[in-house]
Amino acid sequence: MNKQPPHYIHYMYSYPHKTAYRPFNLPVSLSPYINKVKGRRASLYFHIPFCRYKCGFCNLFSLQSCNTSKIDAYLDTMYRQACQLSPLTEKLTFDAFAIGGGTPLLLSVAQLDKLFEIAALFGVSAGEVSTSIETSPDYTDRHVLRFLKEKDVERLSIGVQSFLTEELLSIKRSTPVSVIETALDTIRQMDFPQFNIDLIYGIEGQTEESFLSSIQRALQYQPTELFLYPLYIRSGVRIAGKVNNELLFKMYTAGRNELQKAGFKQTSMRRFVQDSNATGPEHSCGDELMISCGCGARSYIGELHYATSYAVGQPQIKSIIDAYIETTDFTTITNGYLLSEEEKQRRYLIKNLMYYRGIEKADYWRRFGEPVPPVTFKPLIDKDLVEDKEGFIRLTAEGMAYSDDIGQLFISPNVRKQMDDYLLE
Ligand SMILES: C[S@@+](CC[C@H](N)C(=O)[O-])C[C@H]1O[C@@H](n2cnc3c(N)ncnc32)[C@H](O)[C@@H]1O
Ligand code: SF4
(Lines give C-alpha, C1' and ligand atoms only; values in the text may rest on other atoms or scores of the structure.)
(Ligands and ions follow the chains in the order given, each with its own letter.)
Protein backbone atom coordinates (compact mmCIF):
# COMPACT_ATOMS: atom_id res chain seq x y z
CA MET A 1 0.00 0.00 0.00
CA ASN A 2 2.81 2.44 0.87
CA LYS A 3 4.46 2.12 -2.56
CA GLN A 4 1.61 4.23 -3.91
CA PRO A 5 0.49 7.59 -2.51
CA PRO A 6 -2.48 7.32 -0.14
CA HIS A 7 -5.99 7.37 -1.58
CA TYR A 8 -7.92 10.37 -0.33
CA ILE A 9 -11.24 8.59 -0.25
CA HIS A 10 -13.18 9.15 2.89
CA TYR A 11 -12.88 11.01 6.18
CA MET A 12 -13.46 8.17 8.64
CA TYR A 13 -14.45 10.54 11.41
CA SER A 14 -17.01 8.21 12.88
CA TYR A 15 -18.12 4.63 12.37
CA PRO A 16 -20.57 3.57 11.05
CA HIS A 17 -20.91 6.48 8.64
CA LYS A 18 -24.27 8.28 8.59
CA THR A 19 -24.98 6.96 5.06
CA ALA A 20 -25.20 3.49 6.67
CA TYR A 21 -28.01 4.59 9.03
CA ARG A 22 -31.48 3.40 8.04
CA PRO A 23 -35.07 3.85 9.27
CA PHE A 24 -35.85 1.38 12.07
CA ASN A 25 -38.78 -1.03 11.51
CA LEU A 26 -40.44 0.36 14.65
CA PRO A 27 -39.66 3.57 16.60
CA VAL A 28 -36.97 2.88 19.21
CA SER A 29 -37.39 4.19 22.75
CA LEU A 30 -34.26 5.95 24.07
CA SER A 31 -34.93 5.28 27.72
CA PRO A 32 -33.63 1.64 27.98
CA TYR A 33 -30.46 2.56 26.09
CA ILE A 34 -29.74 5.54 28.34
CA ASN A 35 -30.46 3.44 31.43
CA LYS A 36 -27.85 0.92 30.34
CA VAL A 37 -25.11 3.59 30.37
CA LYS A 38 -26.12 5.48 33.51
CA GLY A 39 -23.25 6.77 35.63
CA ARG A 40 -21.01 7.24 32.61
CA ARG A 41 -19.42 10.40 31.22
CA ALA A 42 -20.94 11.89 28.11
CA SER A 43 -20.66 14.90 25.84
CA LEU A 44 -23.43 17.23 24.75
CA TYR A 45 -23.60 18.46 21.15
CA PHE A 46 -25.85 21.15 19.64
CA HIS A 47 -26.11 21.40 15.86
CA ILE A 48 -26.94 24.71 14.15
CA PRO A 49 -27.49 23.84 10.47
CA PHE A 50 -27.69 27.35 8.99
CA CYS A 51 -25.19 29.27 6.84
CA ARG A 52 -25.29 32.60 5.01
CA TYR A 53 -24.28 30.84 1.79
CA LYS A 54 -23.40 27.28 0.86
CA CYS A 55 -19.69 26.86 0.09
CA GLY A 56 -18.93 24.98 -3.13
CA PHE A 57 -17.20 22.01 -1.46
CA CYS A 58 -19.55 21.60 1.50
CA ASN A 59 -21.51 18.39 1.99
CA LEU A 60 -22.28 19.10 5.64
CA PHE A 61 -25.83 19.20 6.91
CA SER A 62 -26.43 22.93 6.56
CA LEU A 63 -29.05 25.10 4.91
CA GLN A 64 -28.39 28.41 3.21
CA SER A 65 -30.72 30.54 5.32
CA CYS A 66 -30.50 33.39 7.82
CA ASN A 67 -34.27 33.58 8.26
CA THR A 68 -34.69 34.79 11.85
CA SER A 69 -38.16 33.36 12.40
CA LYS A 70 -37.06 29.97 11.06
CA ILE A 71 -34.01 29.99 13.33
CA ASP A 72 -36.21 31.01 16.29
CA ALA A 73 -38.59 28.13 15.53
CA TYR A 74 -35.58 25.81 15.31
CA LEU A 75 -34.28 26.98 18.71
CA ASP A 76 -37.74 26.55 20.25
CA THR A 77 -37.69 22.99 18.95
CA MET A 78 -34.25 22.39 20.47
CA TYR A 79 -35.65 23.65 23.76
CA ARG A 80 -38.57 21.20 23.55
CA GLN A 81 -36.19 18.40 22.64
CA ALA A 82 -33.95 19.21 25.63
CA CYS A 83 -36.98 19.31 27.97
CA GLN A 84 -37.81 15.75 26.92
CA LEU A 85 -34.25 14.39 26.85
CA SER A 86 -32.76 15.96 29.98
CA PRO A 87 -34.89 14.02 32.50
CA LEU A 88 -33.65 10.82 30.81
CA THR A 89 -29.97 11.85 30.98
CA GLU A 90 -29.91 12.88 34.66
CA LYS A 91 -27.64 9.96 35.54
CA LEU A 92 -25.02 10.87 32.95
CA THR A 93 -22.13 13.20 33.77
CA PHE A 94 -21.55 15.68 30.97
CA ASP A 95 -17.90 16.66 30.72
CA ALA A 96 -17.83 18.34 27.29
CA PHE A 97 -20.14 20.61 25.34
CA ALA A 98 -19.79 21.55 21.66
CA ILE A 99 -21.83 23.77 19.39
CA GLY A 100 -21.23 23.04 15.72
CA GLY A 101 -22.71 23.65 12.32
CA GLY A 102 -23.29 25.10 9.90
CA THR A 103 -22.37 28.46 11.33
CA PRO A 104 -23.47 28.74 14.97
CA LEU A 105 -22.25 32.32 15.22
CA LEU A 106 -24.75 33.58 12.68
CA LEU A 107 -27.13 33.44 15.64
CA SER A 108 -27.74 36.73 17.44
CA VAL A 109 -26.38 37.08 20.97
CA ALA A 110 -29.92 36.56 22.30
CA GLN A 111 -30.26 33.36 20.27
CA LEU A 112 -26.84 32.14 21.43
CA ASP A 113 -27.86 32.88 24.98
CA LYS A 114 -30.83 30.61 24.46
CA LEU A 115 -28.42 27.79 23.53
CA PHE A 116 -26.70 28.16 26.90
CA GLU A 117 -30.12 28.16 28.56
CA ILE A 118 -30.93 24.89 26.75
CA ALA A 119 -27.59 23.41 27.84
CA ALA A 120 -28.47 24.32 31.43
CA LEU A 121 -31.46 21.95 31.19
CA PHE A 122 -28.85 19.16 31.01
CA GLY A 123 -26.97 20.66 33.96
CA VAL A 124 -24.26 21.87 31.57
CA SER A 125 -22.60 25.24 32.08
CA ALA A 126 -19.73 26.42 29.86
CA GLY A 127 -17.81 27.60 32.94
CA GLU A 128 -17.82 24.07 34.34
CA VAL A 129 -17.33 21.80 31.33
CA SER A 130 -14.96 22.18 28.42
CA THR A 131 -16.95 24.08 25.79
CA SER A 132 -16.22 24.54 22.11
CA ILE A 133 -17.94 26.48 19.33
CA GLU A 134 -17.44 26.61 15.56
CA THR A 135 -17.56 29.68 13.42
CA SER A 136 -16.75 31.04 10.00
CA PRO A 137 -15.00 34.41 9.50
CA ASP A 138 -18.14 36.32 8.44
CA TYR A 139 -19.70 36.13 11.90
CA THR A 140 -16.76 36.57 14.20
CA ASP A 141 -17.12 40.10 15.53
CA ARG A 142 -15.96 41.53 18.85
CA HIS A 143 -19.46 41.80 20.29
CA VAL A 144 -20.25 38.09 19.91
CA LEU A 145 -16.77 36.97 20.96
CA ARG A 146 -17.03 39.05 24.13
CA PHE A 147 -20.29 37.27 24.91
CA LEU A 148 -18.61 33.88 24.43
CA LYS A 149 -15.75 34.91 26.70
CA GLU A 150 -18.25 35.96 29.37
CA LYS A 151 -19.82 32.51 29.04
CA ASP A 152 -16.37 30.92 29.55
CA VAL A 153 -16.23 29.19 26.18
CA GLU A 154 -12.84 27.48 26.07
CA ARG A 155 -12.34 26.61 22.41
CA LEU A 156 -13.16 28.49 19.23
CA SER A 157 -12.75 26.79 15.86
CA ILE A 158 -12.78 28.78 12.64
CA GLY A 159 -12.85 27.59 9.04
CA VAL A 160 -10.43 29.67 6.97
CA GLN A 161 -9.61 27.14 4.21
CA SER A 162 -7.11 29.42 2.40
CA PHE A 163 -5.67 32.94 2.59
CA LEU A 164 -5.64 33.35 -1.19
CA THR A 165 -8.55 34.98 -2.98
CA GLU A 166 -8.19 32.81 -6.14
CA GLU A 167 -8.27 29.63 -4.05
CA LEU A 168 -11.33 30.76 -2.10
CA LEU A 169 -13.07 31.57 -5.38
CA SER A 170 -12.11 28.17 -6.76
CA ILE A 171 -13.92 26.38 -3.88
CA LYS A 172 -16.80 28.91 -4.11
CA ARG A 173 -16.29 30.33 -0.67
CA SER A 174 -17.24 33.94 -0.87
CA THR A 175 -15.45 35.35 2.20
CA PRO A 176 -12.95 38.13 1.33
CA VAL A 177 -9.44 37.65 2.73
CA SER A 178 -9.74 40.99 4.56
CA VAL A 179 -12.75 39.62 6.50
CA ILE A 180 -10.74 36.51 7.43
CA GLU A 181 -7.88 38.66 8.69
CA THR A 182 -10.13 40.89 10.77
CA ALA A 183 -11.87 37.87 12.30
CA LEU A 184 -8.55 36.24 13.20
CA ASP A 185 -7.18 39.49 14.67
CA THR A 186 -10.27 39.80 16.84
CA ILE A 187 -10.07 36.18 18.03
CA ARG A 188 -6.38 36.59 18.82
CA GLN A 189 -7.07 39.68 20.92
CA MET A 190 -9.76 37.83 22.87
CA ASP A 191 -7.27 35.16 23.89
CA PHE A 192 -9.42 32.01 24.00
CA PRO A 193 -7.56 29.17 25.76
CA GLN A 194 -7.97 26.92 22.67
CA PHE A 195 -8.20 28.34 19.17
CA ASN A 196 -8.30 26.21 16.02
CA ILE A 197 -7.93 27.13 12.35
CA ASP A 198 -9.09 24.82 9.50
CA LEU A 199 -7.23 24.87 6.18
CA ILE A 200 -7.85 22.85 3.01
CA TYR A 201 -5.30 21.47 0.53
CA GLY A 202 -5.85 20.12 -2.96
CA ILE A 203 -7.82 23.16 -4.17
CA GLU A 204 -7.70 23.68 -7.94
CA GLY A 205 -4.89 26.14 -8.73
CA GLN A 206 -3.27 25.67 -5.30
CA THR A 207 0.43 24.74 -5.22
CA GLU A 208 2.60 23.36 -2.46
CA GLU A 209 4.07 26.87 -2.05
CA SER A 210 0.70 28.60 -1.86
CA PHE A 211 -0.53 26.03 0.67
CA LEU A 212 2.56 26.61 2.79
CA SER A 213 1.99 30.35 2.56
CA SER A 214 -1.54 29.86 3.96
CA ILE A 215 -0.09 27.82 6.82
CA GLN A 216 2.43 30.59 7.53
CA ARG A 217 -0.31 33.20 7.51
CA ALA A 218 -2.40 31.07 9.89
CA LEU A 219 0.54 30.68 12.28
CA GLN A 220 0.87 34.45 12.59
CA TYR A 221 -2.37 34.38 14.61
CA GLN A 222 -0.91 31.87 17.09
CA PRO A 223 -3.61 29.18 16.98
CA THR A 224 -3.24 26.37 19.52
CA GLU A 225 -4.51 23.87 16.97
CA LEU A 226 -4.73 23.48 13.18
CA PHE A 227 -6.69 21.05 11.05
CA LEU A 228 -5.35 20.41 7.53
CA TYR A 229 -8.07 18.82 5.41
CA PRO A 230 -7.54 17.24 1.98
CA LEU A 231 -10.29 18.50 -0.31
CA TYR A 232 -13.04 15.97 -0.90
CA ILE A 233 -15.51 16.59 -3.66
CA ARG A 234 -18.68 14.65 -2.88
CA SER A 235 -21.62 14.18 -5.20
CA GLY A 236 -24.25 16.86 -4.78
CA VAL A 237 -21.83 19.73 -4.03
CA ARG A 238 -21.38 22.83 -6.22
CA ILE A 239 -17.81 22.25 -7.43
CA ALA A 240 -16.41 19.46 -9.56
CA GLY A 241 -12.90 18.07 -9.89
CA LYS A 242 -10.70 15.01 -9.81
CA VAL A 243 -8.58 13.86 -6.90
CA ASN A 244 -4.83 13.89 -7.59
CA ASN A 245 -3.52 11.58 -4.86
CA GLU A 246 0.11 12.29 -5.64
CA LEU A 247 -0.26 16.04 -5.35
CA LEU A 248 -2.39 15.74 -2.20
CA PHE A 249 0.28 13.55 -0.63
CA LYS A 250 3.00 16.09 -1.47
CA MET A 251 0.94 18.89 0.05
CA TYR A 252 0.14 16.79 3.12
CA THR A 253 3.83 16.02 3.66
CA ALA A 254 4.87 19.64 3.18
CA GLY A 255 2.13 20.89 5.53
CA ARG A 256 2.92 18.32 8.21
CA ASN A 257 6.64 19.12 8.08
CA GLU A 258 5.95 22.84 8.31
CA LEU A 259 3.76 22.45 11.39
CA GLN A 260 6.18 20.06 13.07
CA LYS A 261 8.93 22.63 12.48
CA ALA A 262 6.70 25.21 14.17
CA GLY A 263 6.42 22.96 17.26
CA PHE A 264 3.01 21.39 16.62
CA LYS A 265 2.38 17.73 17.42
CA GLN A 266 0.35 15.59 15.06
CA THR A 267 -2.47 13.65 16.77
CA SER A 268 -4.17 12.33 13.61
CA MET A 269 -3.86 12.69 9.87
CA ARG A 270 -5.62 16.05 10.00
CA ARG A 271 -5.06 17.45 13.48
CA PHE A 272 -1.99 19.31 14.78
CA VAL A 273 -1.81 20.74 18.30
CA GLN A 274 0.57 22.68 20.46
CA ASP A 275 -0.42 20.80 23.57
CA SER A 276 -0.96 17.13 22.79
CA ASN A 277 -2.69 16.60 26.14
CA ALA A 278 -5.49 19.00 25.21
CA THR A 279 -8.63 17.11 24.31
CA GLY A 280 -10.28 17.99 21.05
CA PRO A 281 -13.06 17.12 18.67
CA GLU A 282 -11.35 13.95 17.47
CA HIS A 283 -10.34 12.73 20.91
CA SER A 284 -12.23 9.48 21.25
CA CYS A 285 -11.94 6.12 22.94
CA GLY A 286 -14.37 4.56 20.47
CA ASP A 287 -17.03 3.95 23.09
CA GLU A 288 -17.89 7.54 23.94
CA LEU A 289 -21.44 8.69 24.66
CA MET A 290 -22.82 11.73 22.91
CA ILE A 291 -26.27 13.26 23.28
CA SER A 292 -27.21 15.73 20.56
CA CYS A 293 -29.91 18.32 20.14
CA GLY A 294 -30.82 19.83 16.81
CA CYS A 295 -31.24 18.42 13.37
CA GLY A 296 -28.53 16.56 11.46
CA ALA A 297 -26.36 15.70 14.46
CA ARG A 298 -25.49 12.17 15.50
CA SER A 299 -26.05 10.75 18.98
CA TYR A 300 -24.20 7.73 20.35
CA ILE A 301 -25.75 5.87 23.28
CA GLY A 302 -23.95 2.55 23.66
CA GLU A 303 -24.84 0.40 20.67
CA LEU A 304 -27.52 2.84 19.52
CA HIS A 305 -26.33 5.46 17.02
CA TYR A 306 -28.95 7.75 15.53
CA ALA A 307 -29.57 10.95 13.57
CA THR A 308 -31.99 12.41 11.08
CA SER A 309 -31.43 11.08 7.53
CA TYR A 310 -28.23 11.93 5.67
CA ALA A 311 -28.74 14.59 2.99
CA VAL A 312 -26.58 16.89 0.87
CA GLY A 313 -29.06 18.69 -1.42
CA GLN A 314 -30.65 21.92 -0.15
CA PRO A 315 -34.31 20.87 -0.78
CA GLN A 316 -33.79 17.62 1.20
CA ILE A 317 -32.02 19.45 4.03
CA LYS A 318 -34.80 22.03 4.15
CA SER A 319 -37.53 19.40 4.39
CA ILE A 320 -35.63 17.48 7.13
CA ILE A 321 -35.29 20.71 9.16
CA ASP A 322 -38.99 21.52 8.61
CA ALA A 323 -39.94 18.03 9.81
CA TYR A 324 -37.67 18.45 12.84
CA ILE A 325 -39.45 21.70 13.76
CA GLU A 326 -42.79 19.85 13.61
CA THR A 327 -41.57 16.93 15.78
CA THR A 328 -43.44 16.44 19.05
CA ASP A 329 -41.81 13.28 20.46
CA PHE A 330 -38.02 13.22 20.93
CA THR A 331 -37.92 10.22 23.26
CA THR A 332 -38.31 7.69 20.47
CA ILE A 333 -36.21 7.68 17.36
CA THR A 334 -36.75 6.36 13.88
CA ASN A 335 -33.44 6.41 11.99
CA GLY A 336 -30.03 5.07 12.95
CA TYR A 337 -27.84 2.02 13.36
CA LEU A 338 -27.78 -0.62 16.11
CA LEU A 339 -24.21 -1.79 16.47
CA SER A 340 -23.62 -5.53 16.92
CA GLU A 341 -20.74 -6.63 19.15
CA GLU A 342 -18.62 -7.03 16.03
CA GLU A 343 -19.42 -3.47 14.86
CA LYS A 344 -18.52 -2.14 18.31
CA GLN A 345 -15.15 -3.88 18.01
CA ARG A 346 -14.60 -2.35 14.58
CA ARG A 347 -15.53 1.10 15.90
CA TYR A 348 -13.19 0.71 18.86
CA LEU A 349 -10.28 -0.29 16.59
CA ILE A 350 -10.88 2.57 14.13
CA LYS A 351 -11.31 5.31 16.73
CA ASN A 352 -8.40 4.28 18.93
CA LEU A 353 -6.06 3.75 16.02
CA MET A 354 -6.94 6.97 14.19
CA TYR A 355 -7.88 9.46 16.89
CA TYR A 356 -6.54 8.38 20.25
CA ARG A 357 -3.42 7.02 21.82
CA GLY A 358 -3.46 3.75 19.83
CA ILE A 359 -5.19 0.47 20.66
CA GLU A 360 -4.35 -0.69 24.16
CA LYS A 361 -4.41 -4.45 23.74
CA ALA A 362 -5.24 -5.20 27.38
CA ASP A 363 -8.17 -2.75 27.33
CA TYR A 364 -9.53 -4.34 24.16
CA TRP A 365 -9.36 -7.79 25.78
CA ARG A 366 -11.07 -6.50 28.93
CA ARG A 367 -13.92 -4.96 26.94
CA PHE A 368 -14.50 -7.65 24.36
CA GLY A 369 -13.28 -10.81 26.10
CA GLU A 370 -10.86 -11.68 23.32
CA PRO A 371 -7.50 -10.43 22.05
CA VAL A 372 -7.12 -7.90 19.23
CA PRO A 373 -7.27 -10.05 16.05
CA PRO A 374 -3.57 -10.09 15.03
CA VAL A 375 -4.32 -11.05 11.45
CA THR A 376 -5.94 -7.63 10.85
CA PHE A 377 -2.73 -5.77 11.65
CA LYS A 378 -0.06 -8.12 10.30
CA PRO A 379 0.00 -6.70 6.73
CA LEU A 380 0.05 -3.13 8.10
CA ILE A 381 2.91 -3.95 10.47
CA ASP A 382 4.82 -5.61 7.60
CA LYS A 383 4.52 -2.36 5.65
CA ASP A 384 5.62 -0.20 8.63
CA LEU A 385 2.28 1.59 8.69
CA VAL A 386 1.45 0.29 12.15
CA GLU A 387 3.62 -0.75 15.10
CA ASP A 388 2.87 -3.19 17.91
CA LYS A 389 4.92 -2.03 20.89
CA GLU A 390 4.64 -1.92 24.68
CA GLY A 391 1.06 -3.20 24.74
CA PHE A 392 -0.23 -0.72 22.14
CA ILE A 393 -0.96 -0.93 18.42
CA ARG A 394 -0.30 2.47 16.91
CA LEU A 395 -0.05 4.16 13.53
CA THR A 396 3.53 4.99 12.59
CA ALA A 397 4.24 8.47 11.21
CA GLU A 398 4.00 6.95 7.73
CA GLY A 399 0.81 5.11 8.66
CA MET A 400 -0.82 8.36 9.75
CA ALA A 401 -0.56 9.62 6.17
CA TYR A 402 -2.41 6.48 5.04
CA SER A 403 -5.23 6.87 7.59
CA ASP A 404 -7.98 7.03 4.98
CA ASP A 405 -6.79 3.82 3.31
CA ILE A 406 -6.33 2.04 6.64
CA GLY A 407 -9.79 3.10 7.88
CA GLN A 408 -11.40 1.42 4.86
CA LEU A 409 -9.99 -1.95 5.95
CA PHE A 410 -12.14 -1.95 9.09
CA ILE A 411 -15.53 -1.29 7.47
CA SER A 412 -17.76 -4.37 7.77
CA PRO A 413 -19.45 -5.84 4.68
CA ASN A 414 -22.87 -4.77 5.99
CA VAL A 415 -21.88 -1.15 6.67
CA ARG A 416 -20.07 -1.01 3.33
CA LYS A 417 -23.17 -2.30 1.52
CA GLN A 418 -25.46 0.22 3.21
CA MET A 419 -23.07 3.09 2.41
CA ASP A 420 -22.83 1.97 -1.24
CA ASP A 421 -26.60 1.46 -1.52
CA TYR A 422 -27.16 4.97 -0.21
CA LEU A 423 -24.98 6.44 -2.94
CA LEU A 424 -26.87 4.49 -5.62
CA GLU A 425 -30.32 5.48 -4.35
C1 LIG B 1 -17.59 21.46 10.54
S2 LIG B 1 -16.80 22.18 9.18
C3 LIG B 1 -17.41 23.82 9.19
C4 LIG B 1 -16.82 25.03 9.82
C5 LIG B 1 -17.46 26.35 9.44
N6 LIG B 1 -18.81 26.19 9.08
C7 LIG B 1 -16.72 27.01 8.28
O8 LIG B 1 -16.92 26.58 7.16
O9 LIG B 1 -15.98 27.94 8.51
C10 LIG B 1 -15.19 22.06 9.61
C11 LIG B 1 -14.21 22.01 8.48
O12 LIG B 1 -14.32 20.86 7.67
C13 LIG B 1 -13.61 21.11 6.48
N14 LIG B 1 -14.37 20.57 5.36
C15 LIG B 1 -15.71 20.55 5.22
N16 LIG B 1 -16.04 19.95 4.05
C17 LIG B 1 -14.88 19.59 3.44
C18 LIG B 1 -14.55 18.95 2.22
N19 LIG B 1 -15.48 18.57 1.36
N20 LIG B 1 -13.24 18.74 1.94
C21 LIG B 1 -12.29 19.13 2.80
N22 LIG B 1 -12.55 19.75 3.95
C23 LIG B 1 -13.81 19.98 4.28
C24 LIG B 1 -13.43 22.63 6.35
O25 LIG B 1 -12.08 22.95 6.55
C26 LIG B 1 -14.28 23.14 7.49
O27 LIG B 1 -13.80 24.34 8.01
S1 SF4 C 1 -18.22 25.03 4.88
FE2 SF4 C 1 -19.03 25.88 6.76
S3 SF4 C 1 -19.81 27.95 6.18
FE4 SF4 C 1 -19.50 26.80 4.28
S5 SF4 C 1 -21.53 25.94 3.87
FE6 SF4 C 1 -20.34 24.36 4.97
S7 SF4 C 1 -20.88 24.64 7.09
FE8 SF4 C 1 -21.51 26.49 6.01
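Residues numbered from 1 in each chain as written. Chains lettered and ligands numbered in written order. Predicted model: local features only at pLDDT ≥ 70, side-chain atom pairs only at ≥ 80, totals over all residues.

Looking at the overall build of the protein chain
Helix and strand counts for the protein chain stand at 15 helices and 18 strands. Radius of gyration (C-alpha) of the protein chain: 21 Å, near the 22 Å computed for a compact globule of 425 residues. In terms of its C-alpha atoms, the protein chain occupies a principal-axis envelope of roughly 55 × 55 × 45 Å. For the protein chain, buried positions account for 42% of its 425 residues. Sequence separation of 24 or more characterises 78% of the internal contacts of the protein chain that already satisfy a separation of 6 or more. (Helix = DSSP H or I, 4+ residues; strand = E, 2+ residues; numbered from the N terminus. Rg over C-alpha atoms; globule rule 2.2 N^0.38 Å. Buried ≥ 20, exposed ≤ 12 C-beta atoms within 10 Å, placed from the backbone. Contact = placed C-beta atoms within 7 Å.)

Points about the sheet that holds strand β16 (residues 359-360)
Taken in spatial order, the three strands of this open sheet run β16-β18-β17, and their pairing is antiparallel. Unpaired on one side and paired on the other, β16 and β17 (386-389) mark the two borders of the sheet. Sheet analysis places β17 next to strand β18 (residues 392-395), joined by four bridges and oriented antiparallel. When the sheet's bridge partners are listed, Val386 is paired in β18 with Leu395. (Pairing = 2+ DSSP bridges.)

Quick notes on the site of ligand 2
Taken together, Cys51, Lys54, Cys55, Cys58, Leu60, Ser62, Gly101, Gly102, Thr103, Ser136 and Gly159 make up all the residues around ligand 2. When grouped by side-chain class, the residues that make up the shell around ligand 2 number four nonpolar, six polar and one charged. (Near = placed C-beta within 6 Å. Nonpolar A, V, L, I, M, F, W, Y, C, P; charged D, E, K, R; others polar.)

Quick notes on unusual backbone geometry
Excluding glycine, most residues fall at negative phi; most peptide bonds, likewise, are trans. Following Tyr15, the chain continues to Pro16 via a peptide bond in cis, the omega torsion being -5°. You can see Pro16 is positioned in the segment before β1 (22-29). Gly101 connects to Gly102 through a cis peptide bond whose omega is 20°. On the secondary structure map, Gly102 appears in the loop between β5 (93-101) and α3 (109-121). Residue Gln161 is not a glycine yet carries a positive backbone phi of 75°. The backbone of Glu390 sits at a positive phi, close to 50°, despite the residue not being glycine. Assignment of secondary structure puts Glu390 in the loop between β17 and β18.

As for the site of ligand 1
The environment of ligand 1 is made up of 16 residues, and the closest members are Ser136, Gly159, Asp198, Tyr229 and Tyr232. When contributions to the shell around ligand 1 are tallied by element, the ones reaching two or more residues are β5, β7 (155-161) and β8 (194-201). Of the residues belonging to the shell around ligand 1, the class tally is seven nonpolar, seven polar and two charged.

A closer look at the nonpolar core
Counting residues in each nonpolar core, the largest one holds 111 residues, and the members touching the most others are Leu44, Phe97, Ala119, Ile187, Leu199, Tyr201 and Leu226. Mapping this core onto the domain boundaries places at least three of its residues in each of domain 1 (18-273) and domain 2 (341-414). Discounting chain neighbours no more than four positions away, the residues touching Leu199 are Val160, Gln161, Ser162, Ser214, Ile215, Ala218, Leu226 and Leu228. (Core = buried A, V, L, I, M, F, W, Y, C linked by C-beta atoms within 7 Å. Domains from an automatic or database assignment.)

Points about helix α7 (residues 208-219)
Helix length check: α7, at 12 residues, gives a terminal C-alpha distance of 17 Å against a target of 16 Å (1.5 Å per residue), a fit within 8%. Buried positions along α7 lie against β7, β8, β9 (225-230) and α8 (245-261). (Expected span 1.5 Å × (residues − 1).)

A word on the domain arrangement of the protein chain
Domain assignment breaks the protein chain into domain 1 (18-273) and domain 2 (341-414). Between the C-alpha centres of domain 1 and domain 2 the distance comes to 27 Å. Listed as interface residues are five residues of domain 1 and, on the opposing side, five residues of domain 2. Considered class by class, the residues forming the side of domain 1 that touches domain 2 number three nonpolar, two polar and no charged.

Looking at the environment of Asp404
Looking at the element boundaries, Asp404 is found in helix α14 (residues 403-408). Given 19 C-beta atoms within 10 Å, Asp404 falls into the partly exposed group. As for Asp404 and Lys172, which are separated by 232 residues in sequence, their C-alpha atoms are 25 Å apart. Once you skip the residues sitting within four places of it in the chain, Asp404 turns out to touch Pro6, His7, Tyr8, Ile9, His10 and Met12.

A word on the environment of Cys58
Structurally, Cys58 is set in the loop between β3 (50-51) and β4 (63-64). Distance in space between the C-alpha atoms of Cys58 and Ile171 is 9.1 Å, their sequence separation being 113 residues.

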